[in-house]
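Structural overview
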Amino acid sequence: MKVLAVQAGATAAAVCLLAFLMLKQEWSAQTARIGVTAAWGMISFLGGLLAGMGEKKKKFLRGAACGCLYVLVLLFISLAGGRETALQPDRLALCLAVCAGAGMAGGMCAGIR
């Protein structure tokens, strides 16, 4: 739960930063999507890193699980907000792949000392 709380705070900061950059730089919708996808990856990497630091074994699995849990939280929040676009299969698959992969990489990096 601590890891999800850190991820939630990082998500809020990333959303604020992306909104500010979109306002000042006048980004297109495609550039904003790339920024959101990059934010998903960085936040999942951070979550995987934090989840992997807590255990001695199977750090990459904990990181991947943390990334998948983050996707579920994002999906729940999107659906609770009334966004049907969260159910688009291609977008959901991309989100799952980015978050699980980045979380796994973060878990693997947690073992490097």
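What you are looking at is a predicted structure, and each value in this text was computed from that prediction instead of being measured.

Moving on, we get to the overall build of the chain. Within the chain one finds four helices and zero strands. Listing the helices and strands of the chain from first to last along the sequence gives α-α-α-α. For a compact globule of 113 residues, the expected C-alpha radius of gyration is about 13 Å, and the chain comes in at 14 Å, within 12% of that figure. Overall, the C-alpha framework of the chain stretches about 45 × 30 × 20 Å when taken along its three principal axes. Within the chain, the fraction of its 113 residues that count as buried is 31%. Residue pairs at least 24 apart in sequence account for 76% of intrachain contacts in the chain once pairs closer than 6 positions are excluded. About 7200 Å² of surface is accessible on the chain, with carbon and sulfur atoms providing 72% of the total. Averaging the locations of the 11 positively and 4 negatively charged side chains of the chain gives two centres separated by 17 Å.

With 22 residues, helix 3 (residues 59–80) ought to run about 32 Å at 1.5 Å a step, and its terminal C-alpha atoms sit 31 Å apart, in line with that. Those residues of helix 3 lying buried are K59, G63, A64, C66, G67, Y70, V71, L74 and L75. Of the residues one or two after helix 3, G82 is the one with positive phi, at around 85 degrees.

Further remarks concern the layout of surface pockets. Reported here for the largest pocket is a volume of approximately 840 Å³. Elements with a minimum of two residues in the lining of the largest pocket: helix 1 (2–25), helix 2 (29–53), helix 3 and helix 4 (89–110). A total of nine residues in the lining of the largest pocket trace back to one element, the largest contributor, which is helix 1.

Moving on, we come to a nonpolar patch on the surface. There is a patch of nonpolar side chains on the surface, built from L69, L72, V73, F76 and I77 and spanning about 490 Å² of accessible area. Looking at the secondary structure, you find I77 in helix 3.

To continue, consider the side chain of S44. Along the chain, the position of S44 falls in helix 2. Residue S44 is classed as buried on the basis of its relative accessible area of 0%. Filtering out sequence-adjacent residues up to four positions away, S44 remains in contact with Q7, G67, Y70, C99, A102 and G103.

The next subject is the packing of helix 2 against helix 4. The geometry of helix 2 relative to helix 4 is characterised by a closest axis approach of 6 Å and an angle of 35 degrees between their N-to-C directions. Between helix 2 and helix 4 lies a crossing whose hand is right-handed. Contact residues: R33, V36, T37, W40, G41, S44, F45, G48, L49, G52 and M53 in helix 2; R91, L94, C95, V98, C99, A102, G103, A105, G106, G107, C109 and A110 in helix 4. Tallied by class, the residues present in the contact of helix 2 with helix 4 amount to 13 nonpolar, eight polar and two charged.

Cut-offs applied
Residues numbered from 1 in each chain as written. Predicted model: local features only at pLDDT ≥ 70, side-chain atom pairs only at ≥ 80, totals over all residues. Heavy atoms only, no water. Helix = DSSP H or I, 4+ residues; strand = E, 2+ residues; numbered from the N terminus. Rg over C-alpha atoms; globule rule 2.2 N^0.38 Å. Buried < 20%, exposed > 50% of the residue type's maximum accessible area, 1.4 Å probe, protein only. Contact = heavy atoms within 4.5 Å. Areas by Shrake-Rupley, 256 points an atom, 1.4 Å probe, with all protein chains shown as cover. Lys, Arg positive; Asp, Glu negative; His and termini not counted. Charge placed at Lys NZ, Arg CZ, Asp CG, Glu CD. Expected span 1.5 Å × (residues − 1). 1 Å grid on protein atoms, 1.4 Å probe; cavity = no way out; pocket = protein on both sides within 12 Å on 5 of 7 lines; lining within 4 Å. Points joined across faces, edges and corners; volume = space filled by probe spheres on them. Patch = residues over 30% accessible without salt bridge, like charges linked within 9 Å, V, L, I, M, F, W, Y side chains within 5 Å. Salt bridge = Lys/Arg side-chain N within 4 Å of Asp/Glu carboxyl O. Axes fitted to C-alpha atoms, helices over the stretch in contact; angles between N-to-C directions. Left-handed = near helix turned anticlockwise from the far one by under 90°. Nonpolar A, V, L, I, M, F, W, Y, C, P; charged D, E, K, R; others polar.

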